[in-house]
Amino acid sequence: MSPSSASRWVEVAVALPFADRLTYEIPTNLLGAVRVGQRVRVPVGKRRHVGVVVGFSDDPPAGITTKPIETVLDPEPVLPAELLELAGFVATYYRAPLGEVVRGLVPGDLPPWGGDKVRLTAGGAVAPPRNELEGAVVELLRAEGRLSPAELQARLGAESSAGLAACLEGLARDGRVSLDSPRRQAGGRYQTAYELVPATTAERTARIGRSLQGRAVVDYVAALGRPVSKEELSADLEVSAAVLRRLVALEVLRPFTQVERLDLERHVMARPAGSSVVLRPDQETAVSALMAALDEERYQGFLLVGMTGSGKTEVYLRAARYALDRQRSVLLLVPEIALVPALAREVKARFGDTVAILHSGLGSGERHQEWERIRRGEARLVVGPRSALFAPVVALGLVVVDEEQDPAYKQDSVPRYHGRDLALVRAQHAGAVALLASATPSLESRWNVERGKLARLELTERAGKGGLPEGILVDLREEGVPRRPGEVVFSKRLQAEITRAAEEGDQVILLRNRRGYAPMLLCRACGEDHRCPDCGLPRTLHRKEPLLVCHYCGSTRQAPVRCETCGEEALEPIGSGTERVEETFHELFPDLPVGVLDRDSVRREGAAAVLARFARGETRVLVGTQMVSKGHHFPNVALTAVLSADSYLGFADFRAVERTYSLMVQVAGRAGRGDRPGRVVIQSYHPNHYAIQAALANDDERFAREEKRFRHAFFYPPYSRLAQILVRDRDRHRAEAAAQRIARRIEEHPERARARIAGPVPAAFERLRGEWRFQILVRAAHNPILQRLLDAAMAVKEPVEVVVDVDAYQLL
């Protein structure tokens, strides 16, 4: 979008809790230089904020005195029109401020280019310009020394804005200008480089004297004929920093800062050697359908269903190759960062430097590098979790959502979008193909297949020689009472299966979906359970630190040795997390090396390191939370076990059974992926539950049939559209009164009879982070009805915090 000749006002989305965009005047000196998608600095009240231009207006808003924008921070738009359109949809559908949505589309610490200083290098001062704009830039820098891109644009005029960025990037890439930045980002976005100070050979020799290393450095830089990074000099010549400092002091070398190309191999698992894969007939059918859809260059949605280990990844990577060969870009989404290294390994091996990785585990410099490579079209295939959906790819052709059923695709902060659903919307806007893949599809995706919104592709066999694992059910009621309350039991059958796996040289994966040592530290003398004062829930004991941690607000305190209430040494951990499972395993099997994969281990050393050790066989057993259950391919794993299948079944959430079933099927699928048959042990106190029985028998249709019957009876999704209204305040009575007023406004709406309203009632966790919480659930058959009821609910601003979560996934 470009402003008309009369456009003097610009609409800016600022990351503040405003529901609408703000209008500013364009100063005369910036007319023609402001474009949609650029970042600008604007005054809001007495403060300055960074916003993104989202539109233009020919007239100022009535009755309001507009302020001028202060600075344009980017010489060209950082957000394409496609992403701004997507941001508008998110803001409307998920009821989020547009500025908050737009902020999530740009890396938070992406530096404004206007603050960098550009100067000529020695080579740039003598090289002939390649075009008129280059010549003008070189002349200005020669005359004035160092200028920022914004200053260059002001000197050259607004007509230069479109080509200035590309001009400076080309000059910097050739070493003819340097970018000196006061904001060196953590993660290595910038690096120190050196160039020769203009001088004769005799002058340099006189300055260097007898230093052999100094002469070697000069000869090396002169031979390359370009600036050389400090890392190159250190690696190739083994030159110390002291030698370089001396050469700078002698005015032989001149240091400057340049953009560094970062190596992201630490985020990629090593790829073992292997032969190329020959597709089975069912895979060929799926790939052919996707290729035909890509040829049509219009939106089509697919659901790829196949048992674990059936080769779904191979299908969508073949489709990705087909899209890339037709100059279309690809987004590959996974539910968690822990799954990125393995997938990145495959795509890096196949697609090389055209691959970019995007996730929050990258350093800021790494994020900037990858984001810029994507925006410039250098990287055409992006791998990452849900946030990678907003990558500014050029000519999107294919969006893949792997493990589409996973609840991690739902964001639990503003904007509360669902990555799977939004992937379909983005594909529609871009005229791209969307592919959802899962061994246990969500009921929503199954429902969309039934209604014709998605086409079903099915894989009916397992890849390679592996078959489905043998299911072994352990009824924990027959194991006797645990030694300690809430302790996870290693049943006799499970111990026997682990012993067998060890004797046969196989690997084992154990699932315990709770991190830490124990969810409660109880005093047996007085009953003190060390609750978090802000949440009212017991803190989890972590013994490795040792700390008591609230997993809801993150507050911590040192774990006491004796009870601080009664002074007795009667403290006992109640229940088990991954740390306690690891400890118990060491007691039972002291000779088997074991690793742990949970959020704590990922924070300490990264998922790639833990998984790489397991892949190499350095650890024989992997204990973990749900991170161990999906997306991994370890051919030597013959045994997996669900230590407590009841973990989710009792949750106060209508999706609890679906999550339990999916988790069991996924962890079972990690076994038997090589040449040896696999086994899965499921331990439960409810062995006859239909989800457990369906998982053991690999009877997906049975599970879907029973779960659909439950959802239909109680009008839950996919048979309705659901929104949660959560009211929060530090004063309990104020929160409850506001929730009741909101509920009344919904009850009085003319379309109330076409919906089901539950509440207001206290939330499952009534108090979290010092706030009291009340919730209202609104269910309607169609989204327009739901949105109108939400409009009524939010028609009056309440003196408390009100959170609206459309398509809510977390009701606790």
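Right, let's walk through the structure included here. (Residues numbered from 1 in each chain as written. Predicted model: local features only at pLDDT ≥ 70, side-chain atom pairs only at ≥ 80, totals over all residues. Heavy atoms only, no water.)

Our focus in this paragraph is the overall build of the protein chain. Along its length, the protein chain carries 25 helices and 32 strands. Here the protein chain holds 812 residues, and the buried ones make up 55% of them. Counted over contacts in the protein chain with a minimum sequence separation of 6, partners at least 24 positions apart contribute 75%. Summed over all atoms, the accessible surface of the protein chain reaches about 34600 Å², with 50% contributed by carbon and sulfur. (Helix = DSSP H or I, 4+ residues; strand = E, 2+ residues; numbered from the N terminus. Buried < 20%, exposed > 50% of the residue type's maximum accessible area, 1.4 Å probe, protein only. Contact = heavy atoms within 4.5 Å. Areas by Shrake-Rupley, 256 points an atom, 1.4 Å probe, with all protein chains shown as cover.)

As a further point, take the pattern of salt bridges. Taken as a whole and assessed by the stated rule, the structure comprises 57 salt bridges. Across the salt bridge formed by D729 and R734, the nearest N and O atoms sit 2.8 Å from each other. By relative accessible area, D729 is classed as buried at 10%. A relative accessible area of 41% places R734 in the partly exposed class. The salt bridge partner of R745 is E798, with a shortest N-O separation of 3.1 Å. (Salt bridge = Lys/Arg side-chain N within 4 Å of Asp/Glu carboxyl O.)

A ring pair, where both rings are aromatic, is described by two values, the distance of the centres and the angle of the planes. Overall, the coordinates contain 13 aromatic pairs when judged by the stated rule. Centre to centre, the rings of F710 and F714 are 5.5 Å apart; their planes meet at 50°, and the pair counts as tilted. On the basis of relative accessible area, F710 is assigned to the partly exposed category, the value being 29%. What links up through ring pairs into an aromatic cluster is the set F654, F710, F714 and Y716. Here the guanidinium or amino end of R655 rests over the ring plane of Y809, the centre of that ring lying 3.7 Å away. (Phe/Tyr/Trp six-rings, centres within 6.5 Å; stacked < 30°, edge-to-face > 60°. Lys NZ or Arg CZ within 6 Å of the ring centre and 35° of its normal.)

The next point concerns the packing of helix α11 (residues 281-296) against helix α12 (residues 312-325). The contact between α11 and α12 brings their axes to 9 Å, and the two run at 30°. As the angle between them shows, α11 and α12 are arranged roughly parallel. Classified by chirality, the crossing of α12 by α11 is right-handed. For the pair α11 and α12, the contacting residues are Q283, A286, V287, L290, M291, L294 and D295 in the first and E314, V315, R318, A319, Y322 and A323 in the second. (Axes fitted to C-alpha atoms, helices over the stretch in contact; angles between N-to-C directions. Parallel < 35°, antiparallel > 145°, perpendicular 65-115°, else oblique. Left-handed = near helix turned anticlockwise from the far one by under 90°.)

Taking 1.5 Å as the rise per residue, helix α15 (residues 419-430) with 12 residues should run 16 Å; its terminal C-alpha atoms sit 16 Å apart, in good agreement. For α15, the full list of buried residues reads G419, R420, L422, A423, L424, V425, R426 and A427. The secondary structure elements touched by the buried residues of α15 are α1 (81-93), β12 (329-333), β15 (396-402), β16 (433-438) and α16 (443-450). Directly after α15, the chain includes G431, whose backbone phi takes a positive value near 65°. (Expected span 1.5 Å × (residues − 1).)

It is characteristic of soluble globular proteins that their nonpolar side chains tend to be buried jointly. Ranked by size, the top nonpolar core spans 87 residues in total, and within it V10, V34, I69, L79 and I746 carry the most contacts. Considering each element in turn, this core owes the most residues, 7 residues, to α1. With residues up to four places along the chain from it excluded, the contact list for I69 reads V10, Y24, E25, P27, L30, V34, V40, R41 and V42. (Core = buried A, V, L, I, M, F, W, Y, C linked by side-chain atoms within 4.5 Å.)

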